[in-house]
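In case you want the letters, here they are:
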Amino acid sequence: MMADYQLFGDVLAFDATYRSNKYKKPLVVFSGSNHHKQTAIFGFALLEDEEVRTYKWVSLNILDVMENKKPSVVVTDGDKAMRAAIADVLPLARKVFKKAVYANLDVTEFEEYWSTAVESLGLMNNSWVKSTYELRHSWATAYLRGTFCVGYRTTSRCEGINAFIKGFLKSTNSLLELVQSLDRVVKDYRNNEVTTQFYSSYYTPVLTTGLDNIELFAAKTYTRAVFKEVRKQIKGVGSLLFLGKDSISTTSVYKFSSVGNRRKVRKVLYDPSEPKIECDCMLWNSEGIPCCHIFCVMKYEGWDEIPPGLVVRRWCKDAKEWTASKTCDLSGNSNCLLRYGALCSAMSVVAKLASDDAADFLVRDALTSLARRLQVRRGNTVDHEARERQQDVVKDPPVARTKGAPKRGREAGSSTNAELGGVGVAALLVGIPGTRRGRAFLKGR
């Protein structure tokens, strides 16, 4: 999860789901989009309540765990507590709300459209309309143009994740059962990614655009999902009209219009001295792929490949391999959790195989001997079992009220003070306002 966040955490989405446990605590899912445009889960948070201070606590903790890498965009719904927490902890992030304006307008066109619509409906003095308009920089597409959102426009993907997760969870789940169920959720998502990566690596498309060299280069570079979008832009070159080319110093200015809308002129700036191309449609800034206007310039310039400056590494087939050198160095305290997870995965296989037969169970003696040697090596001779007995047990939290839709009939499963045994999954945040930040953060397998 930490490695995925470093790669794909530039856009962070999170939303709360309810009735996922017997304590009625809201469960928040932190997610993003990987290089296949699939959902990548970065973590979960089980909150005490949904106050602003709680969301601030969980936002600070997720940043602390993820080595303080802040996302450039945060996708959430219109929840006021979430908005206030994001504004305080992530002031540079732009929020994309559920009821977004999809119209492809520039700022001037949007302002004219909004003014006309409000006036025609007689809503000039409506308080909700006024407050929504004041937040237009956070939801209007016209103001979000050029902001890299990896395809996010609403929280529909978050809602899809919540619906998927509910298939694994029950309202009667204890804390341990909840963690184990979330582990299965993460494994299911990762299995989908592995399958898609396989098909993407061995997928050879049929060239159909006419710009064979550029199309073939894109097919070899981008993942299968991203390549389909890139190919649409390459095909769009055929619908463009070349209006002319001007020169300003060393920069060439190409002008294009489309067959369907000749009045809309797009300008592309190309400077041969710094292999850089910019288009005022800002598709590359928003989606991370070149637009049809840029591909048209490549055609006139006689290029066979997409220049490196226009290739966003997060969309490439080797996105994870490209940063392998950064993530495989497991020295240092910050990567202790990664080493712990790798060892736990290996030991779980040993435990599964050795428990099937009484003779194989003798491997326990070898593991105990190994543990003692490691303790002596680290200068720690305290008996492991005795130390575990001295630790405080983690008990179930009290049942809380949430703002989720009420369940018909009597809620099953009231809070009990059952002790929590061994836990194993990726990170789970348990928000308890008032405690020292990070103290209630459970780092599991």
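Cut-offs used in this document
Residues numbered from 1 in each chain as written. Predicted model: local features only at pLDDT ≥ 70, side-chain atom pairs only at ≥ 80, totals over all residues. Heavy atoms only, no water. Pairing = 2+ DSSP bridges. Helix = DSSP H or I, 4+ residues; strand = E, 2+ residues; numbered from the N terminus. Axes fitted to C-alpha atoms, helices over the stretch in contact; angles between N-to-C directions. Buried < 20%, exposed > 50% of the residue type's maximum accessible area, 1.4 Å probe, protein only. UniProt positions renumbered as here; feature names shortened; annotations may be inferred. Core = buried A, V, L, I, M, F, W, Y, C linked by side-chain atoms within 4.5 Å. Domains from an automatic or database assignment. Contact = heavy atoms within 4.5 Å. Salt bridge = Lys/Arg side-chain N within 4 Å of Asp/Glu carboxyl O.

Draft legend 1. Structural detail: the sheet that holds strand β6 (residues 240-248). As summarised here, the arrangement of the 4 strands in space is β6-β7-β8-β9, forming an open sheet in which the pairing is antiparallel. Both outer strands of the open sheet, β6 and β9 (276-279), are each paired with one neighbouring strand and no more. Each strand of the sheet is rotated relative to its neighbour by a mean of 20°, with strand direction disregarded. Where strand β8 (residues 266-271) lies against β9, 4 bridges are found, and the strand directions are antiparallel. When the bridges of β9 are listed, Tyr270 appears paired with Ile277.

Draft legend 2. Fine view of unusual backbone geometry. A positive phi is found at Lys37, a non-glycine position, where the angle reads about 60°. Checked against the element boundaries, Lys37 lands in the loop between β2 (27-33) and β3 (39-47). Given a relative accessible area of 18%, Lys37 falls into the buried group. Phi angles above zero are rare outside glycine, and Glu67 is one such case at about 60°. Counting through the fold element by element, Glu67 comes out in the loop between α2 (52-65) and β4 (73-75). When its relative accessible area of 43% is taken as the criterion, Glu67 is described as partly exposed.

Draft legend 3. Just the UniProt feature "domain: SWIM-type" (unreviewed entry) in the protein, in detail. Those places that UniProt annotates as "domain: SWIM-type" (unreviewed entry) correspond, in this numbering, to residues 266-302. Summarising residues 266-302: 41% helix, 27% strand, and an end-to-end C-alpha distance of 20 Å.

Draft legend 4. Seen up close, the nonpolar core. Core analysis: the largest hydrophobic core is formed by 39 residues, its most contacted members being Tyr222, Val230, Val268, Ile294, Phe295, Ile306 and Trp315. Looking at this core, the elements that each hand over two or more residues are β1 (11-17), β4, α10 (212-221), α11 (224-235), β7 (251-258), β8, β9 and α13 (292-301). Top element by residues in this core is α13. It accounts for 6 residues. There are two domains that each give this core at least three residues, and those are domain 1 (1-72 + 150-201) and domain 3 (212-315). Here Val230 is in contact with Ala218, Tyr222, Ile289 and Phe295, once residues within four sequence places are set aside.

Draft legend 5. A look at the pattern of salt bridges. The final tally for this structure, using the stated rule, is 11 salt bridges. Here Arg314 and Asp10 are joined by a salt bridge, their closest N and O atoms 3.2 Å apart. On the criterion of sequence distance, the pair formed by Arg314 in the loop between α13 and α14 (319-322) and Asp10 in the loop between α1 (2-8) and β1 is long-range, its members being 304 residues apart. Like Asp10, Arg314 is buried. Two residues, Glu215 and Arg231, come together in a salt bridge whose shortest N-O distance is 3.5 Å. Highlighted residues: Glu215 in helix α10 and Arg231 in helix α11, separated in sequence by 16 residues. In this structure, Glu215 and Arg231 share a single accessibility class: buried. Through salt bridges with shared partners, one network takes in Asp4, Glu193 and Lys320.

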